[in-house]
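# Remarks on the overall topology
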Amino acid sequence: QVQLVESGGGLVQPGGSLRLSCAASGSGFRVVTIGWYRQTPGKQRELVALFRSGGITNYADSVKGRFAISRDNAKNLVFLQMNSLKPEDTAVYYCNADITTEGGYTFRYWGQGTQVTVSS
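### Some words on the overall build of the protein
From N to C terminus, the protein includes 0 helices and 11 strands. Relative to its length of 120 residues, the protein is compact, with a C-alpha radius of gyration of 14 Å against a globular reference of 14 Å. Dimensions of the protein, computed from C-alpha atoms along their principal axes, come out at roughly 50 × 25 × 25 Å. When contacts within the protein are restricted to residue pairs at least 6 apart in sequence, long-range pairs at least 24 apart make up 54% of them.

### Here's the deal with the nonpolar core
Core analysis: the largest hydrophobic core is formed by 30 residues, its most contacted members being Trp36, Val48, Phe67, Val78, Leu80, Met82 and Tyr93. At the level of elements, strand S3 (18–25), strand S4 (30–39), strand S5 (46–51), strand S7 (67–72), strand S8 (77–82), strand S9 (91–100) and strand S11 (114–118) are the ones that each hand at least two residues to this core. Sequence-distant contacts of Leu80, defined by excluding residues within four places in its chain, comprise Leu18, Arg19, Leu20, Trp36, Val48, Ala49, Phe67, Ala68, Ile69 and Tyr93.

### Quick notes on the pairing of S8
With 6 bridges joining them, S3 and S8 adopt antiparallel strand pairing. Within S8, the residue paired with Cys22 across the bridge is Val78. For S7 and S8, the ladder comprises 6 bridges, and the chain directions are antiparallel. Within S8, the position partnered with Ala68 by the bridge is Gln81.

### Things to note about the state of the cysteines
Taken as a whole and judged by the stated rule, the model has 1 disulfide. Each sulfur in the disulfide pair Cys22 and Cys95 lies 2.1 Å from the other. In this structure, the disulfide formed by Cys22 and Cys95 twists by about -85° around the S-S bond and is classed as left-handed. Here the residue Cys22 occupies a position in strand S3, and Cys95 occupies one in strand S9, the gap between them amounting to 73 residues. For the pair Cys22 and Cys95, a shared accessibility class is recorded, and that class is buried.

### Section: the packing of aromatic side chains
For any pair of aromatic rings, the description consists of the separation of the ring centres together with the inter-plane angle of the planes. Following the criterion strictly, the structure yields 2 aromatic pairs and no others. Plain terms: the ring middles of Tyr37 and Trp110 are 5.1 Å apart, the flat faces sit at 70° to each other, and that makes the pair edge-to-face. Placement of Tyr37 in strand S4 and of Trp110 in strand S10 (residues 106–110) is noted, with a sequence separation of 73 residues between them. Tyr37 gets classed as buried once you look at its relative accessible area, which sits at 16%. On the basis of relative accessible area, Trp110 is assigned to the partly exposed category, the value being 35%.

### Remarks on the sheet that holds strand S1 (residues 3–7)
As summarised here, the arrangement of the 4 strands in space is S1-S3-S8-S7, forming an open sheet in which the pairing is antiparallel. Each edge of the open sheet is held by one strand with a lone partner, namely S1 and S7. Geometrically, the sheet is characterised by an average inter-axis angle of 15° between neighbouring strands, direction not taken into account.

The rules we used
- Residues numbered from 1 in each chain as written.
- Predicted model: local features only at pLDDT ≥ 70, side-chain atom pairs only at ≥ 80, totals over all residues.
- Heavy atoms only, no water.
- Helix = DSSP H or I, 4+ residues; strand = E, 2+ residues; numbered from the N terminus.
- Rg over C-alpha atoms; globule rule 2.2 N^0.38 Å.
- Contact = heavy atoms within 4.5 Å.
- Core = buried A, V, L, I, M, F, W, Y, C linked by side-chain atoms within 4.5 Å.
- Buried < 20%, exposed > 50% of the residue type's maximum accessible area, 1.4 Å probe, protein only.
- Pairing = 2+ DSSP bridges.
- Disulfide = S-S within 2.5 Å.
- Phe/Tyr/Trp six-rings, centres within 6.5 Å; stacked < 30°, edge-to-face > 60°.
- Axes fitted to C-alpha atoms, helices over the stretch in contact; angles between N-to-C directions.

Given below as structure tokens:
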């Protein structure tokens, strides 16, 4: 069974920085895509940053130039460095991954979410 576990959320002042981490645990799996989404009350979950096949990265327009996604393939870790944070970045951030199991099936997994609050 694959699990995604996030860490690193919290309260930060506008203009500050936070780094989120996500660890994919389990065995015998291959990560196809991995990245971050966020959601605020009453709104749909939205893409923040994502690694696609071939190492291609996608970012939401609202975070380009401020957020950076990185990964450690050997340890199945993905990070989101968030700089110049704004109050509108306040949300629950979810780690997301499409993972192919030993049986050859691909499933979408979500972490439990971590709260990021940007406020003075």
